[in-house]
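Notes for the structure review
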Amino acid sequence: MMSQTAAHALAETTVVDTDVHITVEEEMIAKYLEEPHRSSITDSPHPMFPSSSWDQRMGGKIDDYFSEFTGPEDIRQFQEDFQIDYPIINTFEPLGKFSQPDLAMSLMRAYNDLLLDKFLDDYDFLGLGAVATQRPEEAAAEIDRIGDNEQIVGLYLGTSGEYPPLGDPSNDPIYKAAEDHDLPIVFHGNGEEFMFDFPLHNKGFNNYFEVQSLGHPWQQMATMASVIGEGVPAKFPDLDFVFLEAGIGWVPYLMHRMNKIYRMRRSEVPLLDQSPEEYIRDRFYIGSQPLGEPNRSEDMKRMIETLGADMLMFATDYPHWDFDHLEELDKYLQHYFTEEERQKILYETPVEAFRLPFQQ
Amino acid sequence: MSEHTVATVSELEDGDRKLIEIEGREIALFRLDGEFRAYTNWCIHQGGPACEGSITGTSDAEFDRDELQTELQWSKEGEVLNCPWHGWEYDIPTGDCLSKEGAKLPSHPVRVEDGDVVVSL
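What counts as what
Residues numbered from 1 in each chain as written. Chains lettered and ligands numbered in written order. Predicted model: local features only at pLDDT ≥ 70, side-chain atom pairs only at ≥ 80, totals over all residues. Heavy atoms only, no water. Helix = DSSP H or I, 4+ residues; strand = E, 2+ residues; numbered from the N terminus. Expected span 1.5 Å × (residues − 1). Buried < 20%, exposed > 50% of the residue type's maximum accessible area, 1.4 Å probe, protein only. Right-handed = clockwise from strand over helix to strand, strands pointing away. Pairing = 2+ DSSP bridges. Core = buried A, V, L, I, M, F, W, Y, C linked by side-chain atoms within 4.5 Å. Contact = heavy atoms within 4.5 Å. Buried area = accessible area lost by both parts, 1.4 Å probe. Salt bridge = Lys/Arg side-chain N within 4 Å of Asp/Glu carboxyl O. Polar contact = N/O pair within 3.5 Å; in protein donor to acceptor, adjacent residues only side chain to side chain. Nonpolar A, V, L, I, M, F, W, Y, C, P; charged D, E, K, R; others polar.

**Remarks on helix α5 (residues 101-120) of chain A**
Every α-helix winds through 3.6 residues per turn, so residues three or four apart in the chain are directed the same way. Taking 1.5 Å per residue, 20 residues should reach 28 Å; α5 of chain A reaches 27 Å between its end C-alpha atoms and fits that length. In terms of burial, α5 of chain A is largely enclosed, as 14 of its 20 residues are buried.

In structure tokens, the structure reads:
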């Protein structure tokens, strides 16, 4: 899976992977649902998990790793193959896209029951609780239900199909419950669900290259702008935020842009008592995957420096087709950064962000 | 340091301002609550004519975490200077920039002497 040299270097480093998805088949989640939603998934011909029809793996040019990534033993094998000490696992499905609030609420509880039953109760894995925002008070009750489990280390929100945007005050019960349980909010962007947020572009683009280039960062930028613009970090001063699956380059861009707009329009966002950059540097964490690939490697050095080791964390996104191997980030860390900085990014910063229950 | 008589006290009512040029520099004299203040007409953002902008109040907000309600208040009416180029806000009584922590309008000592307003540069 990797070269001898790389394997040797990694063996001495404790690595937290902040984004590992388990694949949950429809029949599997159906077992954790009550009626009428169970039959709605197993016996009804309508597509419960609608597809945008894009061919993500290009007719099989890229292998399918996710279909079989369904159980604890698959995660163990992945840990061994990729030298990941602590995978933080999530149930992937972005629940914001579901139009039926009843179904979304049931799925949220079912995914959490499945996560606990299959992955956390009998293993020492760490996981993220699924949150659906269609009924924020019910979501808050769900956070209360699962939030004190020590293996639940954050709350997972897909940023596709979310309406209104996630900073909207209607979502405050979710943020309050997350803060009460000292759990960070983990925002995760998606490509397949591009059609829910940007239907005109989804229809207009002619290839998945275009969708994949913009889907995750557009969702994550919309979410970060909404969360900051609505003052969520000011309203909940002990709540932290994690952004996954849009890479890192969009963060300095949006952070600096929001600083500029904040200073021009401060009175429009009076809850903010700091610049957007201060909130982001103090309380926001960014997953590395998919790390951009500049033609000049020193450009990535500067990008990583701009974020800093207190903000950047490693993520694979395994088993999805656009995953990053640790080498993708570590080649820059080993070449340009100190061992202390590397340790922070691979271990200490996620330990802090997710309040992981072990020693630094 | 040079001293310059720039106005008479009776020339400005509360809330008034007067733009003057001293040694080639644009200075604005403000009168607020009977006190005079003088600032250089130069926004620290991009050098815009901050002291020529509108004088307004600004918004404050408080969040009630128990009720999950945000209450907006209009405050500092007549005390907030807005740079006309990009809207950066300054607090007229102190010269503090409200848009960027730690930033201020360049200020100059002002005193009243025999009914005249004297600015030191």
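**Quick word on the pairing of strand β4 (residues 152-158) of chain A**
Residues and elements named next belong to chain A. Of all seven residues making up β4, seven are buried, and the element is well covered by its neighbours. Handedness of the crossover is the feature at issue here: the chain leaves strand β3 (residues 126-130), passes through helix α6 (residues 136-146), returns alongside β4, and the resulting connection is right-handed. Pairing analysis gives four bridges linking β4 to strand β5 (residues 185-188), with the strands arranged parallel. Across the sheet, G158 pairs through a bridge with H188, a residue of β5. Between β4 and its parallel partner β5, the chain crosses via helix α7 (residues 172-180), and the hand of that crossover is right-handed.

**Comments concerning the nonpolar core**
Residues and elements named next belong to chain A. By size, the foremost hydrophobic cluster in this structure holds 91 residues, and its most contacted members are Y175, I185, M224 and F241. Per-element tally for this core: the top contributor is α5, with twelve residues. If sequence neighbours within four positions are ignored, M224 has contacts with F243, W250, L254, M258, I280, F284 and I286. Grouped together as the second largest cluster of nonpolar side chains are 17 residues, I88, L128, V153 and V186 included.

**Some thoughts on the interface of chain B and chain A**
Each partner contributes to the interface: chain B provides 21 residues, whereas chain A provides 16 residues. Here chain B packs against chain A, burying approximately 1,500 Å² in sum over the two surfaces, 52% of which is carbon and sulfur. Counting the surface chain B buries against chain A, the share from its top three residues, F63, R65 and L68 of chain B, is 37%. For the pair chain B and chain A, the number of links is three salt bridges. E89 of chain B is paired through a salt bridge with R266 of chain A; the nearest N and O atoms lie 2.7 Å apart. Where chain B meets chain A, there are six residue pairs in polar contact (both at pLDDT 80 or more). Elements supplying a minimum of two residues to the side of chain B that touches chain A: β5 (55-64) and β6 (69-82) of chain B. The residue inventory of the side of chain B that touches chain A, partitioned by class, reads six nonpolar, eight polar and seven charged.

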